[in-house]
Amino acid sequence: MRKLLILALTAPLTLLAACGGSSGSSPPPPPPPPPPAQVIANPGPPNVEPITVDAGPAALTGRVVNIAYVTVRICRVSTTQCQDVDHVQVDTGSSGLRILASALGSVVLDVEAAPGGLPVAECMQFADGSSFGPVALADVVMPTSGQVVSGMAVHVIGATTFPQVPADCPGQPENDVASFGANGILGVGPFIQDCGPACADAINFPSGWYYTCPSPTTAGGCAAAAIDTTQQVSNPVVFFNGDNNGVIVELPAVADSGATTVGGSLVFGIGTETNNGLDAATVLLADTGYAYIQATYKGTTFMNAAIDSGSSANFFSDSSFSTCTVNTALYCPGSTVDLTATLQGVDMTMLVADFTLANADSVLGANSSATAMPGLGGPILVQSPGAHSIQFDLGMPFHFGRNVFTAIEGQATPGGTGPYYAY
Amino acid sequence: MKLTPSVVVAAVLSATLAAPALAALGGDAASVQADGVHMKAAVRVTPSSTFSVHQISSAAGIVVREFVGTDGKVFAVSWSGPLNPDLRQVLGGYYGQFLQAAAAAPRNHRQLAINQPELVVQNSGRMRAFTGRAWVPGMLPQNFSVADIK
């Protein structure tokens, strides 16, 4: 039954229509050519890192699903004191490299100093909590491809030298591996900086993002501060020497029942090498403010849509699906359903996005060792009018079986200037 | 439109205080004031017959809306902006319960749903854009739809 559903989905609409009305005299149109097979680049120099969807870092307790990890080498600037940090989450929905202090071993990094000399710290906010720690300078090495950024600003989370989380860094503290879910995050999204010009505004900078810390070990020893964009935690890719205009997340298709481990590639650059061309991919230019495209789903158009490897499920609102009793943040339809949305770039280019929605309690329960599960979806419960938060979020499940391109803002590629998504 | 007493009080407060008041969930809209200093905020009050909405907008683009019943108590809050607001301030006495529930929720950096008999919190978003809301089910006015908390 499941296989039949997949066949029906992959059969083009024109063919289905022809089948339904085939009693007439006109012959059915010839089937279109099959889509090109997915090609996943081999890891190696100069631009491909291996990535893995698996059970996560050793220090993690509890189950993680649909997180792609990469290994990043962190070195004290201009030294050979380095630590390979495994299980850093690959996130095209954020920008900047963040590492849990506990994963740095004996490597000691110097904290970035703001003009005037005060050390810089950051509160990285998520929907479910926030992570705090100093901004430090490091030489960042992508160990397989050999890409390097020297003296890069990196967010070090949970550093014992900055033990006092500021009062306006809200929510559940995610300052250890268990609460964070990874040894770090490699933010390779469409923006260059994590915050951008808003945090550099000397008057209207937000409280709860960047800080300077006259006395980081005492309560209240850090105060919200404006930080210049050049000192903000930033997408490392744009600082690479070449292959620096975006990334491709390449993961193979995963069976509906899930997989214990999945290997793929994180490819740097778009159209810069023989292994990272757009080929048949369609570019969806995103808006420059929030890097959103549009998605139309079951007749409703969502203005704030994106493709995001850092989302462990596809998140979208559909009141016809119930949420699960065990995995309460996910949908539990009666059986697996095939869904489709039409994505649209700001230049009106359209692209169909097919995805499946499975009963999360059933599929996760039936395969307790699975860490890759393609049918996971869940609701976005709150959508305020005029708010800029995401409304239609194609997450990691959407990446299985597709090479998904993310182009960085202001960077030229053969498919246009970022920000954009393509597949 | 008939002004409820709480709206009048709040309007007077917002007119007289240099920094606007921000009441916490479950708190008294007329008596709680804090936080306005670093929110650098402007207040707008939208009354209705059964509740009023106090909207507080900070210069950094964070908007907090407080839903105040005829008893003057904040029964719901919503927020949106490039960051979450200071949730310790916004959730007030419910902040501890919120932290406990968030720690017990599955790891999910993009979506948070807390659904307890005394407290519902929903938060959504990623770097540069968040939206959330919270309410106390037992404090909702009669015939109030939570769909209006936005």
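The structure displayed is predicted, hence computed values, not measured ones.

(A) Focus on the overall build of chain B. When its secondary structure is counted, chain B shows four helices and seven strands. Listed N to C, the secondary structure of chain B is α-α-β-β-β-β-α-α-β-β-β in terms of helices and strands. Across the 150 residues of chain B, 55% fall into the buried class. Taking as baseline every contact in chain B between residues at least 6 positions apart, the subset at least 24 positions apart corresponds to 41%. Put simply, chain B shows about 6,100 Å² of open surface, and 56% of that area lies on carbon and sulfur atoms.

(B) Focus on the pattern of salt bridges. Residue and element names in this part refer to chain A. Per the stated rule, a full pass over the model turns up eight salt bridges over all chains. Measuring nitrogen to oxygen at the nearest pair gives 2.6 Å for the salt bridge that ties Asp-84 to Arg-73. Of this pair, Asp-84 sits in strand E3 (residues 82-91) while Arg-73 is found in strand E2 (residues 68-75), placing the two residues 11 residues apart along the sequence. Exposure remark for Asp-84: the relative accessible area of 38% places this residue in the partly exposed category. The salt bridge partner of Asp-194 is Arg-98, with a shortest N-O separation of 3.1 Å. In this pair, Asp-194 sits in the loop between strand E9 (184-188) and helix H4 (197-200) while Arg-98 sits in strand E4 (residues 95-100), placing the two residues 96 residues apart along the sequence.

(C) Spatial organisation of unusual backbone geometry. Residue and element names in this part refer to chain A. Here the residue pair Pro-45 and Pro-46 is connected by a cis peptide bond, since its omega of 0° sits within 30 degrees of zero. Within the fold, Pro-46 resides in the loop between helix H2 (13-20) and strand E1 (48-53). Pro-419 follows Gly-418 through a cis peptide bond whose omega is 10°. Inspection of the secondary structure assignment puts Pro-419 in the loop between strand E24 (416-417) and strand E25 (420-422). Positive phi values are uncommon outside glycine, yet Asp-243 reaches one of about 50°.

(D) Seen up close, the interface of chain B and chain A. Taken residue by residue, the interface counts 38 residues in chain B and 60 residues in chain A. Linking chain B with chain A are three salt bridges. Note that Arg-126 of chain B and Asp-308 of chain A form a salt bridge whose closest N and O atoms lie 3.6 Å from each other. If you look at where chain B meets chain A, you find 18 residue pairs in polar contact (both at pLDDT 80 or more). Sorting the residues of the side of chain B that touches chain A by element identifies helix H3 (87-91), helix H4 (95-104), strand E5 (111-115), strand E6 (120-126) and strand E7 (129-135) of chain B as the ones contributing at least two each. Among the residues making up the side of chain B that touches chain A, the classes are represented as 17 nonpolar, 12 polar and nine charged.

Parameters at a glance
- Residues numbered from 1 in each chain as written.
- Chains lettered and ligands numbered in written order.
- Predicted model: local features only at pLDDT ≥ 70, side-chain atom pairs only at ≥ 80, totals over all residues.
- Heavy atoms only, no water.
- Helix = DSSP H or I, 4+ residues; strand = E, 2+ residues; numbered from the N terminus.
- Buried < 20%, exposed > 50% of the residue type's maximum accessible area, 1.4 Å probe, protein only.
- Contact = heavy atoms within 4.5 Å.
- Areas by Shrake-Rupley, 256 points an atom, 1.4 Å probe, with all protein chains shown as cover.
- Salt bridge = Lys/Arg side-chain N within 4 Å of Asp/Glu carboxyl O.
- Polar contact = N/O pair within 3.5 Å; in protein donor to acceptor, adjacent residues only side chain to side chain.
- Nonpolar A, V, L, I, M, F, W, Y, C, P; charged D, E, K, R; others polar.

By themselves these figures say nothing about function.
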